[in-house]
Amino acid sequence: MRALRMMLRKNQMSLLEVKDLKVRVEEREILHGLSLTVNPGQVHAIMGPNGSGKSTLSHVIAGKPGYEVTGGQILFKGEDLLEMAPNERAAKGVFLAFQYPVEIPGVTTWNFLHAALNAQRKARGEDEISSPAFLKKVREVAKSLNIPQDMLKRGVNVGFSGGEKKRNEILQMALFEPAVCILDEMDSGLDIDALRIAADGVNALRSPERAMVVITHYQRLLNYIVPDVVHVMSKGRVVKSGGKELALELEESGYAQFEDAA
Amino acid sequence: MPAVQETVERVRRIDVDQYRYGFETQIESDKAPKGLSEDTVRFISAKKNEPAWMLEWRLEAYRRWLTMTEPTWARVDYPKIDYQDIYYYAAPKPKKTLSSIDEIDPEILKTYEKLGIPLREVAILEGVEPPPGGPQTPNRKIAVDAVFDSVSVATTFQKELKAAGVIFMPISEAIREHPELVQKYLGTVVPTSDNYFATLNSAVFSDGSFVYVPPGVRCPMELSTYFRINERNTGQFERTLIIADKGSYVSYLEGCTAPQRDENQLHAAVVELVTLDDAEIKYSTVQNWYPGNSEGKGGIYNFVTKRGDCRGRNSKISWTQVETGSAITWKYPSCILRGDNSSGEFYSIAISNGFQQVDSGTKMIHLGKNTSSRIISKGIAAGKSQNTYRGLVSAHRKATGARNYTACDSLLIGDKCGAHTVPYVEAKNSSATFEHEATTSKISEDVLFYCIQRGLSQEEAVGLVVNGFVKDVLQQLPMEFAVEAQKLISISLEGSVG
């Protein structure tokens, strides 16, 4: 734990700070006082069994409707995140890679990304990016991630394979350059090759300024995206935190040992 | 996606209850007395200096109308119309006969300016950025036949059209100058006895457009008419007749806006299209009549009869419409596929919000051999509106090899609106192939949240999803119209979510 504490150097302002967060969905409390501190440059993994509240945490950070925060707070660069509209959070640099990215028929990926990027830029008081400049930029980003150009011309996620959908999420991540990326069950529905490609994309985006929160059931993903900190969630709380070795430990002994701790 | 961004900007600037085009122009007008009688019909005919045969034609329609009853089969509900409480004719008072645009009442020109209509010869639109993958259309030309209330006050591009031999003028003028053409075709697609509203139109129509494209001529520009109701309590009865002679082609654009009013306004237009052998007419409409206020008060009653007759072999008629306005819409642009190998198309976007009621669709009547038709209908219902697609596809006994493909998609926004699909299919011979597909969907919370998480506002997200939904139809519109339509769609759906 000392190593961990050193890693979370307190004198430096953290990027994302979740403090004693309590969340309800339709009268049922899902998160019972969850705390989490993420610093720039770090990759945190959040592991836990089904129903432990992992996805709820990611949704509340992103601002999905339908959740009631009854206690605690979330600070992003010191600002109260819960006071911001979801699109405002996006513009400030909070990105959620969805477990199940939606399909939007008739809207090309190219158009969607352009509209979204300009909305974010406008919210930040930056100039909108013109079509030719955007096209150049998105092509470069796609190329750097080995994403074929024709994906940009297709409807958003329409007819995409599981792997393509996840790569589209990573493309967006690269394009929007967020400060915090939350990856919700990125490995679901991917075979081992697709998983490796997606993980390579994520690793390419790791930087000293950016933090990532990787939510997953399985240790498998963490072989490819190696975390700095691992948290175990059970019944709406973080019950244990540690280094990357904690994930391996979990793989061997399972989640059952934490059921009582929660 | 600059067009969408711009749309969203515009939506933001507009107040919910303030219909953008709801201003009134102060000009003197020349009215027929209120109510309908033989005298009214005679008054209109005299105002137009019509020949005796035209007056007789009108009177016959009027007498017929007296024996008819208003249809009630459509899924629309409105208070009974008092036909004696309506003015049937109003015209801006011309100071003298107009020979050029400069002579038009400056007030009228200002109105067009507010609407952003390029009346003066700036109609060569430049700097319109096509969407990615969209058609490149530099130097596209549009000729505008401006209809202000009931009288056409200006016609542009006459010279160039004349050189091509194309006749494009107000129908009132055509009746005097080309009586042989008008007599040959008027009422041959929509007979004076056709239906209650068409018959009423035949008796009292005030003006509209007339187009004749001679054999083998490809009309050198898009022809366009903008309609506008501007006189309190004035029924608007437009009459349009377009003839494409053998081997010719013409594309016609029609767009409407109307000022805000508390009283309901009756609109009963008739459009007739005729294509002879190997000819093609493409008819596009963006309709934006006043839909009524946020409580469902006011708004235009729009009872339209539009029909095209593919009279010749290998001829083609294509209807594309974007319907966003009117309190009541009753409209079924149809094709009679009479010539062998002829084809008809109907592409439609019908949007209803607030308390709007739309009952719209098409009829494809297959009479000739190996005829084909295609129907793509996109209905979007929001607010407390009701949106019905009503369509008929029929194949006559002799219409061997008839083919139809129909796709009707409905999108619901919110849970207080309704979408309905009423398809009629009749095949009287066994060689006909008819396909019908229909879907109804909602804009899901998940899709909205996905877009919003990427930085879009709720309104931008809805606009984006809707524009994707209607894309197949928008692509059928000429470029400038598509941009305009895209804006209209977002404006129409403003405030429909959340």
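Residues numbered from 1 in each chain as written. Chains lettered and ligands numbered in written order. Predicted model: local features only at pLDDT ≥ 70, side-chain atom pairs only at ≥ 80, totals over all residues. Heavy atoms only, no water.

K.L.:
Before we go on, may I ask you to explain the overall build of chain A in this structure?
P.N.:
Regarding its fold elements, chain A presents 11 helices and 12 strands. For 262 residues, the compact-globule formula gives about 18 Å, and the C-alpha radius of gyration of chain A, at 18 Å, lands near that figure. Its C-alpha atoms put chain A at 55 × 40 × 40 Å along the principal axes. Put simply, chain A has 262 residues, and 53% of those count as buried. Restricting the contact set of chain A to residue pairs at least 6 apart, pairs at least 24 apart contribute 68%. As displayed, chain A offers around 11,600 Å² of accessible surface, 49% of which is attributable to carbon and sulfur atoms. Each charge class in chain A can be summarised by its mean position, and for the 33 positive and 33 negative side chains these summaries are 3 Å apart. (Helix = DSSP H or I, 4+ residues; strand = E, 2+ residues; numbered from the N terminus. Rg over C-alpha atoms; globule rule 2.2 N^0.38 Å. Buried < 20%, exposed > 50% of the residue type's maximum accessible area, 1.4 Å probe, protein only. Contact = heavy atoms within 4.5 Å. Areas by Shrake-Rupley, 256 points an atom, 1.4 Å probe, with all protein chains shown as cover. Lys, Arg positive; Asp, Glu negative; His and termini not counted. Charge placed at Lys NZ, Arg CZ, Asp CG, Glu CD.)

K.L.:
Just checking my understanding: could you explain the confidence of the model for chain B for this structure?
P.N.:
Low-pLDDT stretches of the model should not have their predicted coordinates read in fine detail. For chain B, per-residue confidence averages 79 on the pLDDT scale, and residues scoring 70 or more make up 75% of the total. Below pLDDT 50 for its whole length, residues 227-234 of chain B participates in 56 contacts with residues either more than four positions away or in separate chains. (pLDDT = per-residue confidence, 0-100.)

K.L.:
Please explain the side chain of Arg210 of chain A as it appears in this structure.
P.N.:
All names here are of chain A. Checked against the element boundaries, Arg210 lands in the loop between helix H8 (192-204) and strand S10 (211-216). Despite its burial, Arg210 pairs with no opposite charge; the closest candidate is Glu177, at 5.0 Å N-O. A distance of 2.8 Å separates a polar atom in the side chain of Arg210 from the backbone oxygen of Leu205. Excluding its chain neighbours within four sequence positions, the residues that come into contact with Arg210 are Pro40, Gly41, Gln42, Glu177, Pro178, Ala179, Cys181 and Leu205. (Salt bridge = Lys/Arg side-chain N within 4 Å of Asp/Glu carboxyl O. Polar contact = N/O pair within 3.5 Å; in protein donor to acceptor, adjacent residues only side chain to side chain.)

K.L.:
Quick question: what am I supposed to make of the packing of aromatic side chains here?
P.N.:
Two measures describe an aromatic ring pair: the distance that separates the ring centres and the angle between the ring planes. Within this structure, the stated rule accounts for 24 aromatic pairs over all chains. For the ring pair Trp110 of chain A and Phe134 of chain A, a centre distance of 5.6 Å and an interplane angle of 80 degrees mean the geometry is edge-to-face. Taken together, the residues Trp110 of chain A in helix H4 (residues 109-123) and Phe134 of chain A in helix H5 (residues 131-144) connect sequence positions 24 residues apart. The residues Trp110 of chain A and Phe134 of chain A share a single accessibility class, namely buried. Linked through ring pairs, Tyr62, Trp65, Trp73, Tyr78, Tyr83, Tyr196, Phe197, Tyr301, Phe303, Trp330 and Tyr332 of chain B together constitute an aromatic cluster. Over the aromatic face of Phe205 of chain B sits the side chain of Arg239 of chain B, whose NZ or CZ is 5.9 Å from the ring centroid. The ring of Phe469 of chain B is capped by Lys378 of chain B, whose NZ or CZ atom sits 5.0 Å from the centre of that ring. (Phe/Tyr/Trp six-rings, centres within 6.5 Å; stacked < 30°, edge-to-face > 60°. Lys NZ or Arg CZ within 6 Å of the ring centre and 35° of its normal.)

K.L.:
Got a minute to help me understand the pattern of salt bridges in this structure?
P.N.:
As a working rule, side chains carrying opposite charge can pair if their charged atoms are close by. According to the stated counting rule, one finds 33 salt bridges over all chains in the structure shown. The shortest N-O distance in the salt bridge between Glu177 of chain A and Lys137 of chain A comes to 3.5 Å. Placement of the pair is Glu177 of chain A in the loop between helix H7 (162-176) and strand S9 (180-184) and Lys137 of chain A in helix H5, with a sequence separation of 40 residues. Residue Lys137 of chain A is classed as partly exposed on the basis of its relative accessible area, which comes to 24%. A salt bridge links Arg196 of chain A to Asp193 of chain A; the nearest nitrogen and oxygen atoms lie 3.6 Å apart. You can see Arg196 of chain A and its partner Asp193 of chain A sitting in helix H8, 3 residues apart, about one turn around the helix. Taking relative accessible area as the criterion, Arg196 of chain A reaches 37% and is therefore assigned partly exposed. Connected via shared salt-bridge partners are Glu38, Arg42, Glu56 and Arg63 of chain B.

K.L.:
Got a minute to help me understand the packing of helix H2 (residues 38-47) of chain B against helix H3 (residues 52-66) of chain B in this structure?
P.N.:
When two helices pack together, you describe them by how their axes are tilted relative to each other and by the distance separating the axes. Residue and element names in this part refer to chain B. Where H2 meets H3, the closest approach of the two axes is 10 Å, and the angle between their N-to-C directions is 155 degrees. Relative to H3, the element H2 is oriented roughly antiparallel. Helix-helix and strand crossings are classified by hand; for H2 and H3 the assignment is right-handed. Only Leu55, Arg58, Leu59, Tyr62 and Arg63 of H3 make contact with H2, whose side of the interface consists of Glu38, Val41, Arg42, Ile44 and Ser45. Split by residue class, the contact of H2 with H3 holds 5 nonpolar, 1 polar and 4 charged. (Axes fitted to C-alpha atoms, helices over the stretch in contact; angles between N-to-C directions. Parallel < 35°, antiparallel > 145°, perpendicular 65-115°, else oblique. Left-handed = near helix turned anticlockwise from the far one by under 90°. Nonpolar A, V, L, I, M, F, W, Y, C, P; charged D, E, K, R; others polar.)

K.L.:
Where do I start with the sheet that holds strand S4 (residues 68-76) of chain A in this structure?
P.N.:
Hydrogen bonding along the main chain pairs the strands of a sheet, whether they run parallel or antiparallel. Residue and element names in this part refer to chain A. Ordered by their spatial adjacency, 4 strands build an open sheet running S2-S1-S4-S5, and the pairing between neighbours is antiparallel. Each of the sheet's edge strands pairs with one partner strand only, and the pair in question is strand S2 (28-38) and strand S5 (79-80). Of the pairings in the sheet, the one linking S4 to S5 comprises 2 bridges and is antiparallel in character. Looking across to S5, one finds that Phe76 is bridged to Glu79. Helix H2 (residues 54-62) contacts strand S1 (16-25), S2 and S4 of the sheet and is inclined by roughly 110 degrees relative to S1. (Pairing = 2+ DSSP bridges.)

K.L.:
Looking at this model, I keep getting lost on H3 of chain B. Mind explaining?
P.N.:
Each α-helix winds once per 3.6 residues, and so residues spaced three or four apart point in a common direction. Residue and element names in this part refer to chain B. Taking 1.5 Å per residue, 15 residues should reach 21 Å; H3 reaches 21 Å between its end C-alpha atoms and fits that length. Within H3 the residues assigned to the buried category are Met54, Leu55, Trp57, Arg58, Leu59, Ala61, Tyr62 and Trp65. The inward-facing, buried residues of H3 abut H2, helix H6 (171-177), helix H8 (196-204) and strand S8 (239-244). (Expected span 1.5 Å × (residues − 1).)

K.L.:
Can you help me understand the nonpolar core in this one?
P.N.:
A general tendency of soluble globular proteins is for nonpolar side chains to be buried together. Ile104 and Phe112 of chain A are the most contacted members of the largest nonpolar core, which has 118 residues in total. Sort the elements by how many residues they give to this core and H4 of chain A lands first, with 7 residues. Setting aside anything within four residues of it in sequence, one finds Ile104 of chain A in contact with Phe112, Gly155, Val156 and Val158 of chain A together with Val447, Tyr450, Cys451 and Val465 of chain B. Grouped together as the second largest cluster of nonpolar side chains are 51 residues, Leu59, Tyr83, Leu186 and Ile243 of chain B included. (Core = buried A, V, L, I, M, F, W, Y, C linked by side-chain atoms within 4.5 Å.)

K.L.:
Would you mind going over the sheet that holds strand S6 (residues 94-97) of chain A with me for this structure?
P.N.:
Residue and element names in this part refer to chain A. Across the sheet, 6 strands lie side by side as S6-S9-S10-S3-S11-S12; this open sheet has mixed pairing. For this open sheet the edge positions go to S6 and strand S12 (237-242), each flanked by a neighbour on one side alone. The average undirected angle you get between the axes of adjacent strands in this sheet is 20 degrees. Sheet strands touched by H7: S6, S9 and S10. Its angle to S6, the strand with the most contacts, is close to 170 degrees.

K.L.:
I'm lost on the interface of chain B and chain A in this one. Help?
P.N.:
Buried accessible area, meaning the area lost when the parts come together, often serves as the stated size of an interface. If you look at the interface, chain B gives 24 residues, while chain A gives 36 residues. Interface area, chain B with chain A, both sides summed: about 2,400 Å², of which 64% is carbon and sulfur. Between Glu169 of chain A and Arg454 of chain B there is a salt bridge; the shortest N-O distance is 2.5 Å. Taken together, the connections running from chain B to chain A amount to 9 residue pairs in polar contact (both at pLDDT 80 or more). Among the secondary structure elements, those contributing two or more residues to the side of chain B that touches chain A are helix H1 (2-13), helix H9 (445-453) and helix H10 (458-469) of chain B. Its residues assigned to classes, the side of chain B that touches chain A shows 12 nonpolar, 5 polar and 7 charged. (Buried area = accessible area lost by both parts, 1.4 Å probe.)

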